[in-house]
Amino acid sequence: MRILYTANRPAQPKKVKSTRYISNTPERILDAPDLLDDYYLNLLDWSEQNVLAIALAQTVYLWDAASGNITQLCELPEDSNNVTSVQWGAEGAYLAVGTDSGMVQLWDVEAQKQVRNMGGHEARVGALAWNDHVLSSGSRDTTIVNHDVRISQHQVSTLSGHTQEVCGLKWSPNGEQLASGGNDNVLNIWNAGESTAAHKLTAHQAAVKALAWCPWQANTLASGGGTADRHIRFWNTQTGACLNSVDTRSQVCSLVWSKHERELLSSHGFSQNQLTVWRFPSMTKVTELNGHTSRVLHTALSPDGTTVVSAAADETLRFWKVFGTDSKPGKKDGGGAGFGGRSRMSIR
């Protein structure tokens, strides 16, 4: 009777889950000659004003994603002094530039003028991160310097928690915690205003460069390890607990959270040089994006949260329409890549 009753019950309507299409072909390719093939640098960033900054050897270029216009912001005078990091301020008016010499420059982009030249390091500055008016810089000298860019004596504190080069640096969205990753395989979590790390996390077995704070889940950090580690790990930064880890089977170079989906994108090195979109928290693969012929060193997200740009050692930038938009009523997304004109061109 139970079987008969079940079989004769009226069929329940199925819920149809909408799916989005992710193209495995980039929407645009920009040639980027002289992009340094160095895992420990951070040479790409996308501003809230929809302008992409990319460092090629001694020169920083700006690409306006709406118009497609390319301008040269600055060129370091010494041939041996490469640009080693770039990072936009929150409003996209100022760009911080780290250098091989250990100096950090601050540029007013609209005026195309350098407004600060800040010391504090004894070696190259490969990582930069803004927290309001404080700019944090991580160096091969193993230290992190916090610069208050409003005042003359800009160096307000120095953090010492690594024994090798600092190659990853990210402030949490609420500005309360700083994550730093080093070539010593250590991930440190620093509370704002404190000089001792709140958590020293040693689960990774290779350099920790890839760092990304979850934009919609507080105190959740994703970190990625280098070639000898290959893992993405997720952390509760209040307790220091590792929430989950997944073996990606290749070097993790960068991580980007979606603003609108429960998803994460990772970029990789040997052997496939791919980008992978993961569903969170299950960490099942949504798709893989191929096309780069060398390791994908850097990624950045467009202001509207839909497009990821990847920069690889094959000296190309590729733009992928990966994530959906915010579908809430009345929500307007701005700052997507316009991609007018040719689908392939050169930064220089």
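For the structure itself, consult the block above.
Residues numbered from 1 in each chain as written. Predicted model: local features only at pLDDT ≥ 70, side-chain atom pairs only at ≥ 80, totals over all residues. Heavy atoms only, no water.

(A) Structural view of the packing of aromatic side chains. Inspection of the entire model under this criterion finds eight aromatic pairs. Ring plane angle 45 degrees and centroid distance 4.9 Å describe the contact between Trp-63 and Phe-319, whose orientation is recorded as tilted. One end of the pair, Trp-63, is in strand β4 (residues 59–64); the other, Phe-319, is in strand β28 (residues 316–321), with 256 residues separating them in the sequence. Neither residue differs from the other here; Trp-63 and Phe-319 are each classed as buried. Each member of the aromatic cluster is reached from another via a ring pair, and the members are Trp-216, Phe-234, Trp-257 and Phe-280. Geometry around Tyr-39 places Lys-209 over its ring, the cationic atom sitting 5.5 Å from the centre. (Phe/Tyr/Trp six-rings, centres within 6.5 Å; stacked < 30°, edge-to-face > 60°. Helix = DSSP H or I, 4+ residues; strand = E, 2+ residues; numbered from the N terminus. Buried < 20%, exposed > 50% of the residue type's maximum accessible area, 1.4 Å probe, protein only. Lys NZ or Arg CZ within 6 Å of the ring centre and 35° of its normal.)

(B) Structural view of the environment of Leu-211. Relative to the assigned elements, Leu-211 resides in strand β18 (residues 208–213). Along the chain, Leu-211 and Ala-179 lie 32 residues apart, while their C-alpha atoms are 7.5 Å from each other. In contact with Leu-211, not counting residues within four places along its chain, are Gly-168, Leu-169, Lys-170, Ala-179, Ser-180, Gly-181, Leu-187, Ala-222, Ser-223 and Leu-255. (Contact = heavy atoms within 4.5 Å.)

(C) Region of the structure containing the sheet that holds strand β24 (residues 275–279). The strand order β22-β23-β24-β25 describes an open sheet built from four strands, whose pairing is antiparallel. Both outer strands of the open sheet, β22 (252–257) and β25 (284–289), are each paired with one neighbouring strand and no more. The sheet shows a mean angle of 25 degrees between the axes of neighbouring strands, direction not considered. Strand direction decides the pairing type here: strand β23 (residues 263–268) and β24, joined by five bridges, are antiparallel. Bridging across to β24, Ser-266 finds its partner in Thr-276. (Pairing = 2+ DSSP bridges. Axes fitted to C-alpha atoms, helices over the stretch in contact; angles between N-to-C directions.)

(D) Looking closely at the pattern of salt bridges. Taken as a whole, this structure holds 10 salt bridges when the rule is applied. Here Asp-31 ties to Arg-344 by a salt bridge, and the two come within 2.6 Å at their closest N and O atoms. In this pair, Asp-31 is assigned in strand β1 (residues 28–31) and Arg-344 in strand β29 (residues 344–346), connecting sequence segments 313 residues apart. Classification of Asp-31 by relative accessible area gives partly exposed; the value is 23%. Since its relative accessible area comes to 41%, Arg-344 is described here as partly exposed. Asp-37 is the salt-bridge partner of Arg-295, the closest N and O atoms lying 2.9 Å from each other. Here the residue Arg-295 occupies a position in the loop between β25 and β26 (296–301), and Asp-37 occupies one in the loop between β1 and β2 (44–46), the gap between them amounting to 258 residues. The class of Asp-37 is partly exposed, set by a relative accessible area of 48%. Salt bridges sharing partners connect three or more residues here, namely Asp-38, Arg-124, Arg-140 and Glu-165. (Salt bridge = Lys/Arg side-chain N within 4 Å of Asp/Glu carboxyl O.)

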